[in-house]
Amino acid sequence: MDDTQDSPGYDIGADIEALRAALTAHGITLPSLGVDPLTLAGRGSRPPLVALGNCNVATARRMAEVLRSAAGG
């Protein structure tokens, strides 16, 4: 996966919102989903990381279920 971008701003807000929408479509909410502040502050040559955050066991099970189903299992 290519994690570089042409612009130095690395605005990943649209990517986070797309992930949030995809998760929501499957009944999954990650309240802490956002930009990882440490990698955002680092301002290195790579875009900041997406912080998925913590979730409860029911959410983790739902995510595993959706991923298994998407993988054909």
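The following refers to the structure shown.

So, how was this worked out
- Residues numbered from 1 in each chain as written.
- Predicted model: local features only at pLDDT ≥ 70, side-chain atom pairs only at ≥ 80, totals over all residues.
- Heavy atoms only, no water.
- Core = buried A, V, L, I, M, F, W, Y, C linked by side-chain atoms within 4.5 Å.
- Buried < 20%, exposed > 50% of the residue type's maximum accessible area, 1.4 Å probe, protein only.
- Contact = heavy atoms within 4.5 Å.
- Helix = DSSP H or I, 4+ residues; strand = E, 2+ residues; numbered from the N terminus.
- Expected span 1.5 Å × (residues − 1).
- Polar contact = N/O pair within 3.5 Å; in protein donor to acceptor, adjacent residues only side chain to side chain.
- Lys, Arg positive; Asp, Glu negative; His and termini not counted.
- Salt bridge = Lys/Arg side-chain N within 4 Å of Asp/Glu carboxyl O.

Proteins that are soluble and globular tend to have nonpolar side chains buried together. Grouped together as the largest cluster of nonpolar side chains are 7 residues: Ile 12, Ile 16, Leu 23, Ile 28, Leu 30, Leu 33 and Val 66. Once residues within four sequence positions are removed from consideration, Ile 16 is found in contact with Leu 33, Gly 34, Val 35 and Val 50.

Working note: α-helix, 3.6 residues per turn, so residues spaced by three or four point in the same direction. Between its terminal C-alpha atoms helix 3 (residues 57–70) stretches 20 Å, which fits the 20 Å expected from 14 residues at 1.5 Å a residue. Two or three places before Ala 58, at the start of helix 3, stands the capping residue Asn 56, its side-chain oxygen 3.2 Å from that residue's backbone nitrogen. Once helix 3 ends, the next one or two residues include Gly 72, with phi positive near 90°.

Inspection of the secondary structure puts Asp 36 in the loop between strand 1 (34–35) and helix 2 (37–42). Although Asp 36 lies buried, it forms no salt bridge, and the closest oppositely charged side chain, Arg 46, sits 13 Å away as judged by the N-O distance. Those residues in contact with Asp 36 that lie beyond four places of it in its chain are Leu 49 and Ala 51.

Before going further, it helps to spend a moment on the pattern of salt bridges. Summed over the entire model, instances satisfying the criterion amount to 2 salt bridges. Note that Glu 17 is salt-bridged to Arg 20, the shortest N-O span being 3.4 Å. Here Glu 17 and its partner Arg 20 are both found in helix 1 (residues 13–25), 3 residues apart, which amounts to about one turn of the helix. The partly exposed category is assigned to Arg 20, whose relative accessible area is 28%.

With that out of the way, let us pick up the environment of Pro 47. In this structure, Pro 47 sits in the loop between helix 2 and strand 2 (50–51). Residue Pro 47 is classed as buried on the basis of its relative accessible area, which comes to 13%. Placed 37 residues apart in sequence, Pro 47 and Tyr 10 show a C-alpha to C-alpha distance of 5.2 Å.

A few words on the environment of Leu 23. Examined against the element boundaries, Leu 23 turns out to sit in helix 1. Owing to a relative accessible area of 13%, Leu 23 belongs among the buried residues under this scheme. Sequence spacing of Leu 23 and Val 66 is 43 residues, and the spatial spacing of their C-alpha atoms is 9.3 Å. Residues within four places of Leu 23 in sequence aside, it is in contact with Ile 28, Leu 30 and Leu 33.

By themselves, these figures tell us nothing about what the structure is for.
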